[in-house]
Amino acid sequence: MAVTIFAAIDVGSYEVSMDIYQISPKIGIEKIDEVRSRIELGHDTYTNGKISYESAQRLGEVLGDFSRIMKEYKVTSYRACATSTLQEARNVWIVLEQVYQRTGIRVEILSNSEQRFFGYKSIAAKEADFSKIIQKGTAIIEIGGGNVQISLFDKDTLVTTQNFKMGSLRIRERLLSVEKETIYYEKLVEELIHNDILSFKKLHLKERKVDNIILLGDFFMEKLLVSDYGMGENRTISKAVFMEMYERIVHKSAEQLSVELGITLEYASILVPALIIYRVFVDEMEAQNLWVPGTQLNDGIAYDYAQGRRLIRSTHNFENDILACAQNIAKRYMSSKSHVRAVLKVAETIFDSMRRVHGMGPRERLLLQIAVILHDCGKYISMSEVAKCSYEIIMSTEIIGLSHAEREMIANIVRFNNEPFKYYGEADSKSTIDRDTYMIIGKLTAILRVANALDRSHKQKAENIKVQLQDKELVLVIDTQENLLLEEGLLTQKADFFEEMFNIRPVLRRKKRK
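Residues numbered from 1 in each chain as written. Predicted model: local features only at pLDDT ≥ 70, side-chain atom pairs only at ≥ 80, totals over all residues. Heavy atoms only, no water.

Caption draft 1: Structural detail: the sheet that holds strand β13 (residues 473–478). Taken in spatial order, the three strands make up an open sheet running β12-β13-β14, and their pairing is mixed. In this open sheet, the two edge strands, each paired with only one partner strand, are β12 (465–470) and β14 (505–510). Here the strands of the sheet are splayed against their neighbours by 25° on average, with no regard to which way each runs. Sheet topology note: the β13/β14 ladder contains six bridges and is parallel. Directly across from Val-475, in β14, lies its bridge partner Val-507. (Pairing = 2+ DSSP bridges. Helix = DSSP H or I, 4+ residues; strand = E, 2+ residues; numbered from the N terminus. Axes fitted to C-alpha atoms, helices over the stretch in contact; angles between N-to-C directions.)

What follows is the structure, encoded as structure tokens:
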């Protein structure tokens, strides 16, 4: 069977890396080479708000080298991603366009939720261990140069994921002016991050015990644990071993660590803040077992590529994690569980029965499911401004695995469920949604409106429903003894827009009794 050669490129805050993989159903995913180059793009971003001319030139040189290496390996496909932190640089799009013109490599900027989803998928490469560990309360802590991401699992289900702007490079830059003037650097870092961690603990760990912590992050700790502390093949360590390593490192200067550990001075300078962040989380969560899988963002990018092209099989359902994240948001804003379940069933049934008409696929079905789950969340804030408040909640809340554009799609679907639909060209001038994407928003809005109308009473009259496509009608057959006068009236109001989008009119009928 043919082997695919794939390259994953990570343009990070302090390093640009490329990993080459060979992928096939027989061998799975195997890394065959890796290239690393130090460029502190995050330093420019945090200090000046822009990527400097020198850094942009250096990035072009590095990616040019990567392009030549890909040709040598006969790479058939690649994906190059910049981490979400670089979005903060005002000129990042100019720089990436220049890089593309120079190297032919198109770099996309991941949203934070996409970036963390890839990090999460990278662990799935070690699937047997991962599936076993997350059966109990588990926290994934991923430290990057700009951000820290925490994801909580319980009984194989994603409970929540939260992002903090307290990455190792960001903290180093914020404390640079006082670092040399104090012997209490550890305390300064702890004070800087502790309030955010306590807030997270109050919100999400009140009734949840964390048994295991999975540590992610591209830094030297993993190699140190393997070489000096005897971390075995299962890559687990106790909290005591972690603290032994921590005490050995945390009070030393970057210069000392660079010499002792044989790493660059720049790398040594971010090792200490990263370790302090980990230690505070480990202390607050009181977990005794730590797993260091040794995976990186590029491993997740390769896994996602292989999974999307069905070159590998995964026993873990990642879409369920995205839905679980949406369900927890709905729960936080006290959405009616029974109402959501009823509307979801109708919406899914309509979507599935009209595949040959609407031309949408599994990803659009997922976006519809999330829109249904979150369509009423704004009621928590205002009963009279449901559409506006729901839109703002969705746009302000990360949903792991979704891009910013997909989140904007969902927010608009939910908004137009209650507000008059704005046609393309009439919408928000700040929006970057293209015409084709806006058409999908219109289609999914039409389906949501009809499904929601059939449970406007919140009495779940349409739980037993069948949908039949007959000529220019979508016949919704409900098996119920309840009065359907309200649903019939509301459906008439929603049917015009549905017919406009699909050239098919939804019609409500009661199932005939024998």
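Caption draft 2: Structural context of the packing of helix α17 (residues 362–374) against helix α19 (residues 404–418). Taken N-terminus to C-terminus, the directions of α17 and α19 make an angle of 50°; their axes are 9 Å apart at the nearest point. By the angle class used here, α17 and α19 are oblique. α17 and α19 meet at a crossing whose hand is right-handed. Every residue of α19 that contacts α17 at Arg-363, Leu-367, Ile-370, Ala-371 and Leu-374 is listed here: Glu-406, Met-409, Ile-410, Ile-413 and Val-414. Here the contact of α17 with α19 is composed, by residue class, of eight nonpolar, no polar and two charged. (Parallel < 35°, antiparallel > 145°, perpendicular 65-115°, else oblique. Left-handed = near helix turned anticlockwise from the far one by under 90°. Contact = heavy atoms within 4.5 Å. Nonpolar A, V, L, I, M, F, W, Y, C, P; charged D, E, K, R; others polar.)

Caption draft 3: Here's a closer look at the packing of aromatic side chains. Across all of its chains, the model carries 11 aromatic pairs by this definition. Look at Phe-164 and Phe-200: their rings are 5.8 Å apart centre to centre, the planes differ by 75°, and that puts the pair in the edge-to-face class. Taken as a pair, Phe-164 in strand β8 (residues 157–164) and Phe-200 in helix α8 (residues 185–204) lie far apart in primary sequence, 36 residues in all. We classify Phe-164 as buried; its relative accessible area is 9%. With centroids separated by 5.5 Å and ring planes inclined at 80°, the aromatic side chains of Tyr-333 and Tyr-380 adopt a geometry described as edge-to-face. Taken together, the residues Tyr-333 in the loop between α14 (318–332) and α15 (337–353) and Tyr-380 in the loop between α17 and α18 (386–396) connect sequence positions 47 residues apart. Among the residues examined, Tyr-380 registers a relative accessible area of 46% and is labelled partly exposed. (Phe/Tyr/Trp six-rings, centres within 6.5 Å; stacked < 30°, edge-to-face > 60°. Buried < 20%, exposed > 50% of the residue type's maximum accessible area, 1.4 Å probe, protein only.)

Caption draft 4: Inspection of the nonpolar core at higher detail. If you look at the biggest cluster of nonpolar residues, it comprises 91 residues, and the most contacted ones within it are Ile-350, Ile-370, Ile-447 and Leu-476. Counting residues per element, this core draws most heavily on helix α20 (residues 435–453), at nine residues. Setting aside chain neighbours within four positions, we find Ile-350 in contact with Ile-447, Val-450, Val-467, Leu-474, Leu-476 and Phe-498. Grouped together as the second largest cluster of nonpolar side chains are 50 residues, Val-189, Leu-261, Tyr-267 and Leu-290 included. (Core = buried A, V, L, I, M, F, W, Y, C linked by side-chain atoms within 4.5 Å.)

Caption draft 5: Local environment of unusual backbone geometry. With a phi angle near 55°, Arg-310 is a residue other than glycine that sits in the positive phi range. Summarising the element assignment, Arg-310 is placed in the loop between α13 (297–308) and α14. We classify Arg-310 as exposed; its relative accessible area is 74%. Although it is not a glycine, Met-334 sits at a positive phi angle of roughly 55°. Note on placement: Met-334 falls in the loop between α14 and α15.

Caption draft 6: Region of the structure containing the layout of surface pockets. When its volume is computed, the largest pocket comes out at roughly 1200 Å³. Residue lining of the largest pocket: 37 residues in total, with Val-159, Asn-328, Ile-329, Lys-331 and Arg-332 positioned closest to the centre. Breaking the lining of the largest pocket down by element, the ones donating at least two residues are β8, α8, α14 and α15. Looking at the lining of the largest pocket residue by residue, the classes come out as 13 nonpolar, 13 polar and 11 charged. Put simply, the second largest pocket is a space of about 730 Å³. Contributions of two or more residues to the lining of the second largest pocket are made by β4 (77–82), α4 (112–124), α13, α14 and α17. Per-element accounting of the lining of the second largest pocket gives the leading share, five residues, to α13. (1 Å grid on protein atoms, 1.4 Å probe; cavity = no way out; pocket = protein on both sides within 12 Å on 5 of 7 lines; lining within 4 Å. Points joined across faces, edges and corners; volume = space filled by probe spheres on them.)

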